[in-house]
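# Examination of the molecular architecture
Each chain, written out:
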Amino acid sequence: MAGPATYFDSANTGGLDPVTRDLVERRDRALGPAYRLFYDEPLRLVRGLGTKVWDADGVEYLDAYNNVPSVGHAHPRVVAAITQQAETLNTHTRYLQPGIVDYAEQVLATLPPHIDTAMFACTGSEANDLALRIAKFATGGTGVIVTTNAYHGVTTEIAAISPSLGGIDSIADWVRLVDPDDLTNGTLSALASFADADIRPAALIIDTILASDGVYPELPGIVEAIAAVRAAGGLFIADEVQPGFGRLGTQLWGFERHGLDPDIVTVGKPMANGHPVSAVFARRELVDVFAANARYFNTFGGNTVSIAAAQATWDVLHDEHLMANAATTGGYLLSGLRELGLDARGAGLFIGVPIAGGRDRTIAVVNELRRRRVLLAASGVNNDVLKIRPPLPFTTDDADRLLTELDAALTTITV
Ligand SMILES: Cc1ncc(COP(=O)(O)O)c(C=O)c1O
């Protein structure tokens, strides 16, 4: 494709300094071509703290992109919890341990009362894969409805419901896509198409901030879409991997912002501040059907150290009032972006900024911001939306720095 690339082109190592060039080339040889590096000048990060990261030359960057270190890079309480548990014992869910039960009870208490069962895994992909297995057993259906540019993960089953990975051709014949602008009519058409193909629906799966679709805080027609799926025998799965755990500011869960009532909730990324933890939260009767057909063991899912990391992250999220910070700092940032004349949208610390001029200009802005020591990325079907999604302790000073550099980047670039 012509124009600036979303990712580093490994044919372009010529302009890099010798150390970076050597690492890029060795990485290419060892890891192969499926991996991607951000930016036209790849970044080698060596340290992080709070909302800042540092590269190998000691240069500091403002992290306005990474939601996985949700309570801040290298948070001392999470580091201490991991260290202490790793020094003591790390084992799996086939031995009795109080930590996983305590943690599950605390998170379940924040979900709707009928969501009463927690199952742990390591990645969002695995959580969605398990959710889909549960939905398929419980409904007897196979059909899945997702949004046009959805991303739900990388297992074979989940890649087949993730059009943003490989486009429409990568989608299985038991999957239908709906436009996030018109969820009701899209879902009704998808259900009609399933009926024509003799496919019973299993689930509608929605990322409730529509991150890969371009970050949309509203879900027009979602209530009617869920009702139609349920009437046809399917379930509603809320993929909270992106919006969950307080990022949207006003509620802990993205589906809550819309007054929705999911059958299954999946979570991952921000749960344990970088440690691989994910989970499925579901209604007991659905898990009962699954358990009658299969058993569940995940070697690393719910291990003692991971749960210690998740518990510490949960405690920091609450003790440091990070959801409230997401609301206030996110609101401040959104207003600041609009004062720059940008058509920004979002909720809390999850903001999308469409860039006039489209994809090439958006990618040029991302690269210029990297040169200005601010980390961001592009999102959306056409990669023409800036995705702002920093660690939750982002301050108004951080927001001011982002606004200053973005304003300068927009006036500097000529694309
Ligand atoms: C909405 C959503 N669901 C699921 C996933 C998959 O999570 P993981 O990369 O942990 O497998 C992602 C990852 O970006 C995501 O954004």
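Notes on the structure follow. Going along each chain's sequence as written, the residues are numbered from 1 onward. In keeping with the model being predicted, local features are shown solely for residues with a pLDDT of at least 70 and side-chain atom pairs are shown and tallied solely at 80 or more, while totals for entire chains, interfaces and linings include all residues. Only hydrogens and water are set aside; all other atoms, that is, all heavy atoms of the structure, feed into the side-chain values.

### Digging into the overall build of the protein
Our working rule: In this text, helices come from DSSP runs of H or I with a minimum length of four residues, and strands from runs of E with a minimum of two, each type numbered from the N-terminal end. A radius of gyration in this sense is built from C-alpha atoms; the matching globule rule multiplies 2.2 Å by the number of residues raised to 0.38. Accessibility here uses a 1.4 Å probe with only protein chains present; expressed as a share of the type maximum, an area under 20% marks a residue as buried, one over 50% as exposed, and anything in between as partly exposed. Contacts are assigned to residue pairs that have any heavy atoms within 4.5 Å of one another. Note on areas: Shrake-Rupley with a 1.4 Å probe; residue coverage comes only from the protein chains shown. In summary, the charge assignment counts Lys and Arg as positive and Asp and Glu as negative, without counting His or the chain termini. Charge placement uses NZ in Lys and CZ in Arg. For Asp and Glu, CG and CD serve respectively.
From N to C terminus, the protein includes 14 helices and 15 strands. Computed over its C-alpha atoms, the radius of gyration of the protein comes to 21 Å, within 12% of the 22 Å expected for a compact globule of 415 residues. Summarising its shape, the C-alpha atoms of the protein cover approximately 60 × 55 × 45 Å along the three principal directions. Within the protein, the proportion of its 415 residues that are buried is 55%. Across the protein, contacts joining residues at least 24 apart in sequence account for 72% of those joining residues at least 6 apart. Put simply, the protein shows about 17600 Å² of open surface, and 52% of that area lies on carbon and sulfur atoms. Taking the average place of the 32 positive charges on the side chains of the protein and the average place of its 49 negative ones, the gap between the two points comes to 5 Å.

### A closer look at the site of the ligand
Heads up, the rule is: For each residue, the test is whether any non-hydrogen atom lies within 4 Å of the molecule or strand; if one does, the residue is near. As used in this structure description, the phrase polar contact means that two N or O atoms lie within 3.5 Å; if the pair is within protein, one of them must be able to donate a hydrogen and the other to accept it, and residues adjacent in sequence are counted only when both atoms belong to side chains. We call Asp, Glu, Lys and Arg charged. Ala, Val, Leu, Ile, Met, Phe, Trp, Tyr, Cys and Pro are nonpolar, and the rest, Gly among them, are polar.
All residues in the neighbourhood of the ligand are listed as Thr123, Gly124, Ser125, Asn128, Tyr151, His152, Gly153, Asp207, Asp239, Val241, Gln242 and Lys269. With respect to the ligand, the side chain of serine 125 contributes an N or O atom lying 2.5 Å from an oxygen atom. In the model, an oxygen atom of the ligand is placed 2.7 Å from a nitrogen or oxygen of the glutamine 242 side chain. Bound to the protein, the ligand loses 83% of the 390 Å² it would expose on its own. A total of three residues in the shell around the ligand trace back to one element, the largest contributor, which is helix α4 (residues 124-139). Partitioned by chemical class, the residues of the shell around the ligand number two nonpolar, seven polar and three charged.

### Notes on the packing of aromatic side chains
Where we set the bar: Between rings of Phe, Tyr and Trp, where Trp is taken as its six-membered ring, a pair exists when centres lie within 6.5 Å; planes separated by under 30 degrees are stacked, by over 60 edge-to-face, and by other angles tilted.
In the structure shown here, the tally under the stated rule is eight aromatic pairs. On the basis of an interplanar angle of 70° and a centroid distance of 5.7 Å, the ring pair of phenylalanine 137 and phenylalanine 290 is categorised as edge-to-face. Of the two residues, phenylalanine 137 sits in helix α4 while phenylalanine 290 sits in helix α10 (residues 284-293), which places them 153 residues apart along the sequence. Ring geometry for phenylalanine 245 against tryptophan 314: centres 5.9 Å apart, planes inclined by 85°, an arrangement best described as edge-to-face. You can see phenylalanine 245 sitting in the loop between β8 (235-239) and α9 (254-257) and its partner tryptophan 314 sitting in helix α11 (residues 304-319), a full 69 residues away along the chain. Taken individually, phenylalanine 245 and tryptophan 314 each receive the classification buried, so the pair is uniform in this respect. Linked through ring pairs, Tyr103, Phe120, Phe245, Trp253 and Trp314 together constitute an aromatic cluster.

### Focus: the packing of helix α12 (residues 322-339) against helix α14 (residues 396-412)
Under the convention used in this document: Here an angle of 0 to 180 degrees is reported between the N-to-C directions of two axes, which are lines fitted to C-alpha atoms, with helices fitted over the stretch in contact. The cut-offs work like this: below 35 degrees is roughly parallel, past 145 is roughly antiparallel, 65 to 115 is roughly perpendicular, and the gaps in between are oblique. For a crossing to be left-handed, the near helix must be turned anticlockwise from the far one by less than a right angle; the clockwise case is right-handed.
Between α12 and α14, the shortest axis-to-axis distance is 9 Å and the interhelical angle comes to 20°. With respect to their mutual orientation, α12 and α14 come out roughly parallel. Every pair of crossing elements has a handedness; the one defined by α12 and α14 is right-handed. Between α12, through Thr329, Tyr332, Leu333, Gly336 and Leu337, and α14, the contact on the second element is made entirely by Thr396, Ala399, Asp400, Leu402, Leu403 and Leu406. Residue composition of the contact of α12 with α14, grouped by class: seven nonpolar, three polar and one charged.

### Some words on unusual backbone geometry
Here the phi dihedral of asparagine 273 falls at roughly 55°; this positive angle occurs in a residue that is not glycine. Note on placement: asparagine 273 falls in the loop between β9 (264-267) and β10 (278-283). Judged by its relative accessible area of 13%, asparagine 273 is buried. For arginine 373, which is not a glycine, the phi torsion comes out positive at approximately 70°. Note on placement: arginine 373 falls in the loop between α13 (358-371) and β13 (374-375). Looking at arginine 373, the relative accessible area reads 33%, which means it is partly exposed.

### Brief notes about helix α7 (residues 183-196)
Structurally, the α-helix is built with 3.6 residues per turn, so residues lying three or four positions apart point the same way. Threshold: Between the first and last residue of a helix there are one fewer steps than residues, each counted as 1.5 Å, and that sum is the expected span. What the arc covers is the set of directions going from the helix axis to the C-beta atoms.
If you check α7, its first and last C-alpha atoms are 20 Å apart, about what 14 residues at 1.5 Å a residue would give, namely 20 Å. Listed as buried for α7 are Leu183, Thr184, Gly186, Thr187, Ala190, Leu191 and Phe194. The buried residues of α7 all sit within an arc of 165° when viewed along its axis, so they share a single face. For α7, exposure combined with an orientation more than 90 degrees from the buried face picks out Ala195 and Asp196. Buried-residue contacts for α7 involve β5 (143-147), β6 (175-178), β7 (201-207) and α8 (222-231). At the C-terminal side of α7, aspartate 198 shows a positive phi close to 60°.

### Regarding the pattern of salt bridges
Inclusion rule: We define a salt bridge as a contact between a side-chain nitrogen of Lys or Arg and a carboxyl oxygen of Asp or Glu at a distance within 4 Å.
Counted according to the given criterion, the structure contains 16 salt bridges. Between arginine 283 and glutamate 285 there is a salt bridge, and its shortest N-O distance comes to 2.8 Å. Here glutamate 285 falls in the partly exposed class, since its relative accessible area comes to 43%. One network of salt bridges, with partners in common, ties together Asp40, Glu368, Arg371, Arg372 and Glu405.

### Notes on the sheet that holds strand β15 (residues 385-388)
Heads up, the rule is: Being paired, for any two strands, means DSSP has found at least two bridges between them.
Strand order across the open sheet formed by four strands is β11-β12-β15-β14, with antiparallel pairing between neighbours. The outermost strands of the open sheet, each flanked by one partner alone, are β11 (345-347) and β14 (377-379). On average, each strand axis in the sheet is tilted by 25° relative to the strand beside it, whichever way the strands run. Relative to β15, β14 is paired through three bridges, and the arrangement is antiparallel. Within β15, the residue paired with alanine 378 across the bridge is leucine 386. Set on the sheet, α12 makes contact with β11, β12 (350-354) and β15; between it and β12 the angle comes to about 10°.

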